[in-house]
Amino acid sequence: SFHNPGTSELQVPAFFVGTGGAAPIHPSDLPMYTRFDWSNAGKMTTIDVNWFSPSNVPLIGIPIRGERPLYLESKPEIQWAAVASQYFCTIVTTKEPATSVWARRFDTKKQNNTPVFGIQGGVGLTGFAVAPGATVTKNFEIYAGPKELGRIRKIGPNQDAVLNFGMFGFISEFLLWAMNTLHGWLGSYAAAIIVLTLCIKSVLWPIQNKATNEMRKMSSLSPLMTTLREKYKDDPQKMNEETMKLYREYGINPLSGCFPMLIQIPIFFGFYSMLGSAIELRNSSFFWIHDLSQPDTIGHFMGFPINLLPIIMSCTMIWQMVITPKTGDATQQRMLYFMPVIFLVFCYNYASGLALYWTTQNIFSIVQLYLTRNRPLPVLEKKSVIAKREAAKKPKKKRP
């Protein structure tokens, strides 16, 4: 409240209301979790502490710009501003449109001689006049607490954007709801993740089976494919044309083996976004894992953390690749073996709940592959032969 006890009009200049500060909770928290968010006309803008850092050309090291001390933006319809760490946030919502926001980072401590940065900010309103003897009150709503979707949605229409679920937000929200529901029944978030994974894989079972059968058919074509490569080794375009012709003759879809992975990648990133923002997994344990929201570090080797579950996850991926029917040439097959390395790097310092999900789905896929591979190999026949046989089975119409 602004009160004017004088006899002349008081002009209050533009002012900011601070959001307070946010800083990493754990030494292993990624910098992208320490953020400043704000909303203008229903659209959220976000920066993390790395926005202030100097920028260089990758690999070469030529500087692009120096350190930026202040973030300042002006828009006509700013609704709220927030600072956030991985699992907590402070949101300041204005009752009238704000016009600007600011943020700056601050050094909180040092971890292994490396500075750890927090972030603070504010939301600004325009100046106004207060008549003699009058009082003008500006109202704000402040939420300071965990990033729980249900709680934050009660504040306003789009403050839940601070959870930063990204492009697969609808998947993340469904997974969060399903995980919390299963946790209510099972009493364990680890068990909820495992059961949720088994449910997802069970739904995808028919698609995975069809993809495996198609890959086995393609594997049966290997002798013919080898002949084509030898025949057209100097004419790649002709070889590709003949290869596609061969697939059409035998009714094989070469892309069918990719469908299960294409479906699972959005689910993976849905888990990735959800586990990186929702507080539910914090301090949940599972066997040697003390906190499913953090890496499952069991020790250090020459200062490097040993995270066991991502290593197990990568081993199950390699196992799955070994028993998967081989398709394509040797070069393509070797390229696929980079996938475990990519997933290992992606998950190594992330929440161990994500590695638990991917390890569970790998083991499920391995069991499914063993069940499928023990079936007799499919008999390959050209589509024209099948069509003739089917036509011969149809009863001939008698002439009147």
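Residues numbered from 1 in each chain as written. Predicted model: local features only at pLDDT ≥ 70, side-chain atom pairs only at ≥ 80, totals over all residues. Heavy atoms only, no water.

Participant: Describe the side chain of Gln320, listing the residues and the values that go with them.
Facilitator: With respect to the secondary-structure elements, Gln320 resides in helix H8 (residues 308–323). Assessed through its relative accessible area of 18%, Gln320 is described here as buried. (Helix = DSSP H or I, 4+ residues; strand = E, 2+ residues; numbered from the N terminus. Buried < 20%, exposed > 50% of the residue type's maximum accessible area, 1.4 Å probe, protein only.)

Participant: Run through the confidence of the model for the chain, naming residues and quoting values.
Facilitator: Mean pLDDT for the chain: 83, with 84% of residues reaching 70 or above. Taken element by element, the chain is modelled with least confidence in helix H12 (residues 383–393), mean pLDDT 54, and with most confidence in strand E4 (residues 35–40), mean pLDDT 94. (pLDDT = per-residue confidence, 0-100.)

Participant: Break down a nonpolar patch on the surface for me, with residues and values.
Facilitator: The grouping of Phe287, Trp288, Ile298 and Ile312 at the surface amounts to a nonpolar patch, some 420 Å² of accessible area in total. Structurally, Phe287 can be placed in the loop between helix H7 (259–275) and strand E14 (297–301). The exposure class of Phe287 is exposed, given its relative accessible area of 71%. (Patch = residues over 30% accessible without salt bridge, like charges linked within 9 Å, V, L, I, M, F, W, Y side chains within 5 Å. Areas by Shrake-Rupley, 256 points an atom, 1.4 Å probe, with all protein chains shown as cover. Salt bridge = Lys/Arg side-chain N within 4 Å of Asp/Glu carboxyl O.)

Participant: Could you give me a rundown of empty space enclosed by the protein, with the residues and numbers involved?
Facilitator: Overall, the coordinates contain 2 cavities of 30 Å³ or more when judged by the stated rule. When its volume is computed, the largest cavity comes out at roughly 50 Å³. Every residue along the wall of the largest cavity is listed here: Ser28, Asp29, Leu30, Tyr33, Gln86, Ser293, Gln294, Pro295, Asn349, Tyr350 and Ala351. Taken together, the residues of the lining of the largest cavity break down into 5 nonpolar, 5 polar and 1 charged. (1 Å grid on protein atoms, 1.4 Å probe; cavity = no way out; pocket = protein on both sides within 12 Å on 5 of 7 lines; lining within 4 Å. Points joined across faces, edges and corners; volume = space filled by probe spheres on them. Nonpolar A, V, L, I, M, F, W, Y, C, P; charged D, E, K, R; others polar.)

Participant: Can you tell me about the pairing of E4, naming the residues and giving the values?
Facilitator: Buried residues dominate E4, accounting for 6 of its 6 residues. Side chains of E4 alternate between two faces, with Arg35, Asp37 and Ser39 and Phe36, Trp38 and Asn40 buried alike. Pairing analysis gives 6 bridges linking E4 to strand E5 (residues 43–48), with the strands arranged antiparallel. By the bridge assignment for E5, Asp37 is matched with Thr46. As judged from the 6 bridges shared by E4 and strand E8 (residues 71–84), these two strands associate in the antiparallel manner. (Pairing = 2+ DSSP bridges.)

Participant: Lay out unusual backbone geometry with the relevant residues and their values.
Facilitator: The phi dihedral of Ala41 is positive, around 55 degrees, even though this residue is not glycine. Here Ala41 lies in the loop between E4 and E5. Residue Ala41 is classed as exposed on the basis of its relative accessible area, which comes to 52%. Its identity as a non-glycine residue notwithstanding, Asn283 has a phi of 70 degrees, on the positive side. With respect to the element layout, Asn283 can be found in the loop between H7 and E14.

Participant: Please set out the pattern of salt bridges residue by residue, giving values where relevant.
Facilitator: Using the criterion set out here, one finds 6 salt bridges in the structure. For Glu96, the salt bridge is made with Lys138, and the minimal N-O distance between the two is 3.1 Å. Of the two residues, Glu96 is situated in strand E9 (residues 88–111) and Lys138 in the loop between strand E12 (135–136) and strand E13 (140–146); the sequence distance between them amounts to 42 residues. The exposure class of Glu96 is partly exposed, given its relative accessible area of 31%. Two residues, Glu148 and Arg151, come together in a salt bridge whose shortest N-O distance is 2.6 Å. Connected through shared salt-bridge partners, Arg153, Asp160 and Glu173 make up one network.

Participant: Tell me what's going on with the packing of helix H5 (residues 222–231) against helix H6 (residues 236–249), and back it up with residues and numbers.
Facilitator: Where H5 meets H6, the axes come as close as 10 Å, and the angle between the chain directions of the two elements is 160 degrees. Here H6 runs roughly antiparallel to H5, going by the angle between their axes. Here H5 and H6 pass one another in a crossing that is right-handed. Facing Leu224, Met225, Leu228 and Arg229 of H5, the residues of H6 in contact are Met239, Glu242, Thr243, Leu246 and Tyr247. (Axes fitted to C-alpha atoms, helices over the stretch in contact; angles between N-to-C directions. Parallel < 35°, antiparallel > 145°, perpendicular 65-115°, else oblique. Left-handed = near helix turned anticlockwise from the far one by under 90°. Contact = heavy atoms within 4.5 Å.)

Participant: How would you sum up H6? Please name residues and give values.
Facilitator: End to end, H6 covers 20 Å across 14 residues, agreeing with the expected 20 Å (1.5 Å per residue, within 8%). Listed in full, the buried residues belonging to H6 are Glu242, Thr243, Leu246 and Tyr247. Relative to the axis of H6, the buried residues are bounded by an arc of 145 degrees and lie together on one face. In H6, the exposed positions that point more than 90 degrees away from the buried face belong to Gln237 and Arg248. (Expected span 1.5 Å × (residues − 1). Arc of directions from axis to C-beta.)

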